[in-house]
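Inside the fold
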Amino acid sequence: FLDISYNDIGEEGAKALSEALETNTVLTFLDISGNGFGHKGAEAISEALKTNSVLTFLEISYNNIGKEGAKALSEALKTNTVLTFLDISRNRIEDEGIKIISEALKTNNVLSSLLISCNGIGDEGVKAIFEALKTNNVLTSLNISANEFY
């Protein structure tokens, strides 16, 4: 269990953490919300998720990762086989970013909880999520509250 939320670790801190995650074999819970590392930090963390075989819970909200960070996380979700909980709320992902995440949800067979609230997701993004849910049979919890769809 590691909670380093709201410590302003920034991009460099995210990169250092990523390097540790690539070889760590015991940490299962990580909360790095509110650290201001943007899409570059999300890209670094996503690289670690591609090889990390133990982290099951990742809280990465309030980091302004945008669509670029969403793309990096999507690539990690396509290959990661252990992450079951992901919170990417309040990251300005918007429609374009959630469409990319939705593509990964079509093939990911382990993620059971996804929180994407307050991301500026509109009708097109929600349609992409619902399309992914047609083939995804493991996602049991989805929070899409406080977005912009009708």
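If you're wondering where the values come from, they're calculated on a predicted model, not measured in any experiment.

1. Comments concerning the packing of helix α4 (residues 94–105) against helix α5 (residues 123–133)
- At a closest axis distance of 8 Å, the pairing of α4 and α5 adopts a crossing angle of 5°. With respect to each other, α4 and α5 are oriented roughly parallel. Judged by residue contacts, D95, I98, K99, S102 and L105 of α4 engage D123, E124, G125, A128, I129 and A132 from α5.
- Here the contact of α4 with α5 is composed, by residue class, of five nonpolar, two polar and four charged.

2. Quick word on α5
- Listed as buried for α5 are G125, V126, A128, I129 and A132. On an axial view of α5, the arc spanned by its buried residues comes to 155°, and they lie on one face.
- Packed against the buried residues of α5 are α4 and β6 (141–143).

3. Topic: the packing of aromatic side chains
- Using the criterion set out here, one finds four aromatic pairs in the structure.
- Judged by centre distance (6.1 Å) and plane angle (55°), the ring pair of Y6 and Y62 falls under tilted. With Y6 in the loop between β1 (2–3) and α1 (10–23) and Y62 in the loop between β3 (57–59) and α3 (66–79), this pair connects stretches of sequence that are 56 residues apart.
- Relative accessible area serves as the criterion here: at 52%, Y6 is assigned to the exposed category.

4. A word on helix α2 (residues 38–51)
- Every buried residue belonging to α2 is among G38, G41, A42, A44, I45, S46, A48 and L49, and all of these are buried.
- Those residues of α2 that are buried are in contact with α1, β3 and α3.

5. Observations regarding the nonpolar core
- Among the nonpolar cores identified, the biggest contains 36 residues, and L58, L86, I88, I101 and L114 are the most heavily contacted of them.
- Where this core is concerned, the elements lending two or more residues are α1, α2, α3, α4 and α5.
- The residues touching L114, leaving out its near neighbours within four places in the chain, are L86, I88, I101, L105, L139, S141, L142 and N143.

6. Here's the deal with the side chain of S89
- Residue position: S89 is located in the loop between β4 (85–87) and α4.
- There is a polar contact of 3.0 Å between the side chain of S89 and the side chain of S117.
- Not counting residues up to four positions away in its chain, the partners in contact with S89 are S61, Y62, L115, I116, S117 and N119.

7. A few points about the packing of α2 against α3
- Across the interface, α2 lies against α3 with an axial gap of 8 Å and an inter-helix angle of 5°. Here α3 runs roughly parallel to α2, going by the angle between their axes. Here α2 contributes H39, A42, E43, S46, L49 and K50 to the contact with α3, which in turn contributes E68, G69, A72, L73, E75, A76 and T79.

8. Things to note about the side chain of N108
- Its place among the elements puts N108 in the loop between α4 and β5 (113–115).
- A polar contact of 2.9 Å, which involves the side chain of N108, links it to the backbone nitrogen of V110.
- Engagement of the side chain of N108 in a polar contact is seen with the backbone nitrogen of L111, the distance being 2.8 Å.
- In this view, N108 contacts L77, N80, N136 and V138; residues no more than four positions away in its chain are not counted.

9. Observations concerning the sheet that holds β1
- A sheet is described by the order of its strands in space; here six strands give the open sequence β1-β2-β3-β4-β5-β6, paired in parallel fashion. Two strands in the sheet have a free side with no partner beyond their single neighbour: β1 and β6.
- Across three bridges, the pairing between strand β2 (residues 29–31) and β3 is parallel. In the strand pairing of β3, L30 is matched with L58.

So, how was this worked out
- Residues numbered from 1 in each chain as written.
- Predicted model: local features only at pLDDT ≥ 70, side-chain atom pairs only at ≥ 80, totals over all residues.
- Heavy atoms only, no water.
- Axes fitted to C-alpha atoms, helices over the stretch in contact; angles between N-to-C directions.
- Helix = DSSP H or I, 4+ residues; strand = E, 2+ residues; numbered from the N terminus.
- Parallel < 35°, antiparallel > 145°, perpendicular 65-115°, else oblique.
- Contact = heavy atoms within 4.5 Å.
- Nonpolar A, V, L, I, M, F, W, Y, C, P; charged D, E, K, R; others polar.
- Buried < 20%, exposed > 50% of the residue type's maximum accessible area, 1.4 Å probe, protein only.
- Arc of directions from axis to C-beta.
- Phe/Tyr/Trp six-rings, centres within 6.5 Å; stacked < 30°, edge-to-face > 60°.
- Core = buried A, V, L, I, M, F, W, Y, C linked by side-chain atoms within 4.5 Å.
- Polar contact = N/O pair within 3.5 Å; in protein donor to acceptor, adjacent residues only side chain to side chain.
- Pairing = 2+ DSSP bridges.

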